[in-house]
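# Structural overview
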Amino acid sequence: MRIGFSKDIHKFIKNRPLVLGGVTIPYKKGLEAFSDGDVVLHALIDAIFGALNKGDIGTNFPNTDPRYKNCDSLFLLKETKKIMDFCRFKIEYIDIFISCEEPKLSSYVVYMKRNIAQTLNINENLVSVKCGTNEGLGYIGKKKGIESFASVLLKEDKDE
């Protein structure tokens, strides 16, 4: 068994869609990033790479590579799964926490879980996504961005 943990944070910018967990959420701002800025999937990808001891999202999908400019993070998660499969590990459980003051995300959680589970080819019951606020404190509390934390439990896949 291996455990990975990570977090990602991006600030809001205008004129960009807000994408979280592979879901486009109606909101007046999106997140600044080289790819689509999906902090949920970025934190998850980094947690998987951490558990595999394979660097991080920037090492594996560098912002110097034009293929990843405005890239859909579900594609990056698919590529991460290929690396995980090659290393002969499988997901045992995923736990994600999203912190923001707005927008309210609870009605989108089921779609985020579905996107993650389908992309990783696992049961939705193995994916937990929770949301909360920063109670008005700090960068997140001042509505300047969104941050997400992810932990993942991997197990060596000896069946292949």
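Attention here is on the structure that accompanies the text. Note that the coordinates shown come from a computational prediction; the quantities given were computed from them, not determined experimentally.

## Quick notes on the overall build of the protein chain
From N to C terminus, the protein chain includes five helices and seven strands. For the protein chain, the succession of helices and strands along the chain, N to C, is β-β-β-β-α-α-α-β-α-β-α-β. Its C-alpha atoms give the protein chain a radius of gyration of 15 Å, near enough to 15 Å, the size a compact globule of 160 residues would have. Overall, the protein chain is about 45 × 35 × 25 Å in size when its C-alpha atoms are taken along their principal axes. Here the protein chain holds 160 residues, and 47% of them are scored as buried. Taking all contacts inside the protein chain whose residues are at least 6 apart in sequence as the whole, residues at least 24 apart take part in 71%. Only carbon and sulfur atoms are counted for the fraction: they give 49% of the accessible area of the protein chain, which is about 8300 Å². Side chains of the protein chain give 24 positive and 21 negative charges; the mean places of these two sets differ by 4 Å.

## Here we look at the sheet that holds strand β5 (residues 89-99)
A sheet is described by the order of its strands in space; here five strands give the open sequence β4-β1-β7-β5-β6, paired in mixed fashion. Bordering the open sheet on either side are β4 (30-31) and β6 (127-132), each of which pairs with just one other strand. Here helix α4 (residues 109-120) sits on the sheet in contact with β5 and β6, set at roughly 150 degrees to β6.

## Structural notes on the packing of helix α3 (residues 73-86) against α4
At a minimum axis distance of 9 Å, the contact between α3 and α4 shows a crossing angle of 35 degrees. For the crossing formed where α3 meets α4, the hand is right-handed. Contacts between α3 and α4 involve L74, L77, K78 and K81 on the former and, on the latter, N115, I116, T119 and L120. Residues of the contact of α3 with α4, tallied by class, amount to four nonpolar, two polar and two charged.

## Overview of the environment of I25
Position of I25 among the secondary structure elements: in strand β3 (residues 23-25). On the accessibility criterion, I25 (2% relative accessible area) is buried. Measuring from C-alpha to C-alpha, the distance between I25 and L105 comes to 8.4 Å, with 80 residues separating the pair along the chain. With sequence-adjacent residues up to four places away left out, I25 is seen in contact with L18, L20, P103, L105, Y108 and M112.

## Let's talk about the packing of aromatic side chains
According to the stated counting rule, one finds four aromatic pairs in the structure shown. Seen from their ring centres, F12 and Y27 are 5.4 Å apart, and the 45 degrees between their planes marks the pair as tilted. Taken together, the residues span a long stretch of sequence, with F12 in strand β1 (residues 2-13) and Y27 in the loop between β3 and β4 at a distance of 15 residues. The buried category is assigned to F12, whose relative accessible area is 9%. What makes Y27 partly exposed here is its relative accessible area of 22%. With a centroid separation of 5.9 Å and 45 degrees between ring planes, the pair formed by F49 and F61 is classed as tilted.

## Things to note about the layout of surface pockets
For the largest pocket, the calculated volume is near 230 Å³. Lining of the largest pocket is provided by 14 residues; of these, F34, S35, H42, I57 and F61 occupy positions nearest its centre. Secondary structure elements with two or more residues in the lining of the largest pocket: β1, α1 (39-52) and α2 (57-60). Residue composition of the lining of the largest pocket, grouped by class: seven nonpolar, five polar and two charged.

## Points about α1
Across its 14 residues, α1 extends 20 Å between first and last C-alpha, which sits within 8% of the 20 Å expected from 1.5 Å per residue. Two to three positions downstream of the cap, the backbone nitrogen of V40 sits 3.2 Å from a side-chain oxygen, assigning the N-cap of α1 to D38. The positive-phi residue at the C-terminal boundary of α1 is N53, with phi of around 60 degrees.

Calculation notes
Residue numbering note: each chain is counted from 1, following its sequence as written. Selection of residues for local features in this predicted model requires a pLDDT of at least 70, selection of side-chain atom pairs for listing and counting requires 80 or more, and totals for whole chains, interfaces and linings are taken over all residues. Only hydrogens and water are removed before side-chain values are computed, so all heavy atoms of the structure are retained for them. Under the scheme used here, helices are H or I runs from DSSP no shorter than 4 residues and strands are E runs no shorter than 2 residues, and both carry numbers assigned from the N terminus. In this treatment the radius of gyration is a C-alpha quantity, and the globule benchmark scales as 2.2 Å times the residue count to the 0.38 power. A simple rule labels every residue: compare its accessible area, found with a 1.4 Å probe on the protein chains alone, to the largest value its type can have, and call it buried under 20%, exposed over 50%, or partly exposed in between. Throughout, a contact is declared for two residues whenever any of their heavy atoms are within 4.5 Å. Every accessible area reported is derived by Shrake-Rupley at a probe size of 1.4 Å, with residue values counting cover from the shown protein chains alone. Asp and Glu count as negative and Lys and Arg as positive, but His and the ends of the chain are not part of the count. A charge is said to be at NZ when it belongs to Lys, at CZ for Arg, at CG for Asp and at CD for Glu. Any two strands between which DSSP finds at least two bridges are classified as paired. Only C-alpha atoms enter the line fits that serve as axes; for helices the fit covers just the stretch in contact. Angles between N-to-C directions range over 0 to 180 degrees. Crossing handedness is read from the near helix: turned anticlockwise from the far helix by less than a right angle, it gives a left-handed crossing, and turned clockwise, a right-handed one. Residues are grouped as follows: nonpolar covers Ala, Val, Leu, Ile, Met, Phe, Trp, Tyr, Cys and Pro; charged covers Asp, Glu, Lys and Arg; every other residue, Gly included, is treated as polar. Only the six-membered ring of Trp is used, alongside the rings of Phe and Tyr, when aromatic pairs are assigned; centres must lie within 6.5 Å, and planes under 30 degrees apart are stacked while those over 60 apart are edge-to-face, with the rest tilted. Lining residues are those with an atom within 4 Å of a point, where the points come from a 1 Å grid over the protein atoms alone and group into cavities, where a 1.4 Å probe fits but cannot get out, or pockets, open sets with protein on both sides within 12 Å along at least five of seven lines. Grid points are joined across faces, edges and corners, and a volume is the space filled by probe spheres set on the points. The span you would expect from a helix comes to 1.5 Å times its residue count less one. As used in this structure description, the phrase polar contact means that two N or O atoms lie within 3.5 Å; if the pair is within protein, one of them must be able to donate a hydrogen and the other to accept it, and residues adjacent in sequence are counted only when both atoms belong to side chains.

This is a description of form; function is not addressed.
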